[in-house]
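# Overview (structure and organization)
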Amino acid sequence: MGRLFWIVVGLVIFYNIFLKEEKKPSVIYQPTTSPSYTPSTNYDSSPSFGNYNCTVDCSGHEAGYKWAEDNMIDDEDDCSGNSLSFIEGCQQYVEDNN
């Protein structure tokens, strides 16, 4: 009986070390956040972001909008920056949320 016990223990150890597949952690994909306000494209003219026209794309407006959203800006006087499109995006956020 003692010999059978050790054979079983050896097989269990062998199985756990060499044969048993480890469970892989489940991957949870989180959606990336994007601005609540999405730019619209006017087919007659250049794209626009809310009440403001964009030049090529609306990335500056989107960045300003996202910044205002992240910083809970509620006054257009708090919208500042080096880019007119960034400031307009911030102002659009204030307009949308007041």
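Use the structure listed above.
Quick summary incoming for the structure in this document. No experiment lies behind these values; they were computed from the predicted model shown. (Residues numbered from 1 in each chain as written. Predicted model: local features only at pLDDT ≥ 70, side-chain atom pairs only at ≥ 80, totals over all residues. Heavy atoms only, no water.)

## Some words on the overall build of the chain
Of the regular secondary structure elements, the chain holds 3 helices and 2 strands. For the chain, buried positions account for 24% of its 98 residues. Pairs at least 24 residues apart make up 40% of the contacts formed inside the chain by residues separated by at least 6 positions. Carbon and sulfur atoms form 55% of the exposed surface of the chain, whose accessible area is close to 7,900 Å². (Helix = DSSP H or I, 4+ residues; strand = E, 2+ residues; numbered from the N terminus. Buried < 20%, exposed > 50% of the residue type's maximum accessible area, 1.4 Å probe, protein only. Contact = heavy atoms within 4.5 Å. Areas by Shrake-Rupley, 256 points an atom, 1.4 Å probe, with all protein chains shown as cover.)

## Considering the state of the cysteines
Across all of its chains, the model carries 2 disulfides by this definition. In this model Cys 54 forms its disulfide with Cys 58; the gap between the sulfur atoms is 2.1 Å. The disulfide joining Cys 54 to Cys 58 has a torsion of about 110° about its S-S bond and is therefore right-handed. Judged by its relative accessible area of 5%, Cys 58 falls in the buried class. Through a disulfide, Cys 79 is tied to Cys 90; the S-S separation comes to 2.0 Å. With the S-S dihedral at roughly -70°, the linkage between Cys 79 and Cys 90 falls on the left-handed side. (Disulfide = S-S within 2.5 Å.)

## Quick word on a negative patch on the surface
A grouping of Asp 74, Asp 75, Glu 76, Asp 77 and Asp 78 is seen on the molecular surface, where their side chains present a negatively charged patch. For Asp 77, the position within the fold is in the loop between α2 (59-70) and α3 (84-97). (Patch = residues over 30% accessible without salt bridge, like charges linked within 9 Å, V, L, I, M, F, W, Y side chains within 5 Å. Salt bridge = Lys/Arg side-chain N within 4 Å of Asp/Glu carboxyl O. Lys, Arg positive; Asp, Glu negative; His and termini not counted. Charge placed at Lys NZ, Arg CZ, Asp CG, Glu CD.)

## Digging into unusual backbone geometry
The phi torsion at Met 72 lies on the positive side, around 50°, for a residue other than glycine. If you trace the backbone, Met 72 turns up in the loop between α2 and α3.

## Let's talk about a nonpolar patch on the surface
Taken together, the side chains of Ile 13, Phe 14, Tyr 15, Ile 17, Phe 18 and Leu 19 present a nonpolar region at the surface, about 660 Å² in accessible area. Topologically, Leu 19 is positioned in helix α1 (residues 2-19).

## What to know about the environment of Ser 80
Inspection of the secondary structure puts Ser 80 in the loop between α2 and α3. For Ser 80, a relative accessible area of 48% translates into the label partly exposed. As a C-alpha pair, Ser 80 and Cys 90 span 10 residues in sequence and 8.2 Å in three-dimensional space. The contact partners of Ser 80, leaving out residues within four places of it in the chain, are Phe 86 and Ile 87.

## Focus on the packing of aromatic side chains
Applying the stated criterion to the full structure yields 4 aromatic pairs. A ring pair is formed by Phe 49 and Tyr 65, whose centres lie 5.6 Å apart and whose planes are at 70°; its orientation type is edge-to-face. Here the residue Phe 49 occupies a position in strand β1 (residues 48-49), and Tyr 65 occupies one in helix α2, the gap between them amounting to 16 residues. Looking at Phe 49, the relative accessible area reads 0%, which means it is buried. Since its relative accessible area comes to 4%, Tyr 65 is described here as buried. Judged by centre distance (5.2 Å) and plane angle (85°), the ring pair of Tyr 65 and Tyr 93 falls under edge-to-face. Highlighted residues: Tyr 65 in helix α2 and Tyr 93 in helix α3, separated in sequence by 28 residues. A relative accessible area of 11% means that Tyr 93 is categorised as buried. Site record: aromatic cluster; members linked through ring pairs are Phe 49, Tyr 65 and Tyr 93. (Phe/Tyr/Trp six-rings, centres within 6.5 Å; stacked < 30°, edge-to-face > 60°.)

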